[in-house]
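One-letter residues, chain by chain:
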Amino acid sequence: IPSEVVIRIARLFKDELTLANIARPQLVSMCQYMNLPPYGADIFLRFQLRNKLRALKEDDRRILWEGIDSLTTLELKEACRERGMRSLGMTHFRLKNMLQEWLDLSI
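In this report, the structure presented in the accompanying data block is examined.

Cut-offs used in this document
Residues numbered from 1 in each chain as written. Predicted model: local features only at pLDDT ≥ 70, side-chain atom pairs only at ≥ 80, totals over all residues. Heavy atoms only, no water. Buried < 20%, exposed > 50% of the residue type's maximum accessible area, 1.4 Å probe, protein only. Helix = DSSP H or I, 4+ residues; strand = E, 2+ residues; numbered from the N terminus. Arc of directions from axis to C-beta. Contact = heavy atoms within 4.5 Å. Salt bridge = Lys/Arg side-chain N within 4 Å of Asp/Glu carboxyl O. Core = buried A, V, L, I, M, F, W, Y, C linked by side-chain atoms within 4.5 Å.

## With respect to helix H2 (residues 24-33)
Structurally, the α-helix is built with 3.6 residues per turn, so residues lying three or four positions apart point the same way.
Logical step 1: Every buried residue of H2 is listed here: Leu 27, Val 28 and Cys 31. For H2, the angular spread of buried residues about the axis comes to 100°, placing them on one side.
Logical step 2: Structurally, H2 contributes buried residues whose contacts are with helix H3 (42-66).
Logical step 3: Phi turns positive, to about 60°, at Asn 35, one or two residues after H2.

So, in C-alpha cells, the structure goes:
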C-alpha cells in the first residue's frame, strides 16, 4: 500500500485511536509488540507506551536531522527493531527503505 493511501486513511481514525480509549488486551499486545513488559495497571501500560512513542518520535527527528544515510547497518537494524519491524536477515538497502517508509509515515 502506498504511503499516501495509509496517511489518508489514518487521518480518518485520528480521534478514535488514542491510548486512553484502548482496552487492556490491546494495551498488553502493544507493549509486547514494542518490547515493553506487559505487567502492571492499565495506567502504567499507557505510561510506558507514551514514553516509548515519545522516545521513538525524538529518535525519528534525530535520524531526519542527521540523515538516514549516516546510519550503519547495525544502527538501521536496531532502529527497525525498536519500531517493531523485522530486521534479521535484511540487507542494508532493505533496512534503509523500511526505516525511510516509517519516517515518511510518522513525521
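## Observations concerning the pattern of salt bridges
Logical step 1: Under the criterion given, the structure shown has seven salt bridges.
Logical step 2: Ionic pairing is found between Arg 62 and Asp 59, a salt bridge with its closest N-O pair at 3.8 Å. Residue Arg 62 and its partner Asp 59 are both found in helix H3; the two are separated by three residues, about one turn of the helix.
Logical step 3: For Arg 62, a relative accessible area of 44% corresponds to the partly exposed category.

## A closer look at unusual backbone geometry
Logical step 1: The phi dihedral of Asn 35 is positive, around 60°, even though this residue is not glycine.
Logical step 2: Position of Asn 35 among the secondary structure elements: in the loop between H2 and H3.

## Section: the nonpolar core
Logical step 1: Listed in full, the 12 residues of the largest apolar core are Ile 63, Ile 68, Leu 71, Leu 76, Ala 79, Cys 80, Met 85, Met 90, Leu 95, Met 98, Leu 99 and Leu 103.
Logical step 2: If you list the elements that add at least two residues to this core, you get helix H4 (73-82) and helix H5 (92-106).
Logical step 3: Sort the elements by how many residues they give to this core and H5 lands first, with four residues.
Logical step 4: Contact partners of Ala 79, with chain neighbours within four places excluded, come to Ile 63 and Leu 99.
Logical step 5: Ranked by size, the runner-up nonpolar core spans 10 residues in total, among them Leu 19, Leu 45, Leu 49 and Leu 56.

Read these as spatial facts, not as claims about activity.
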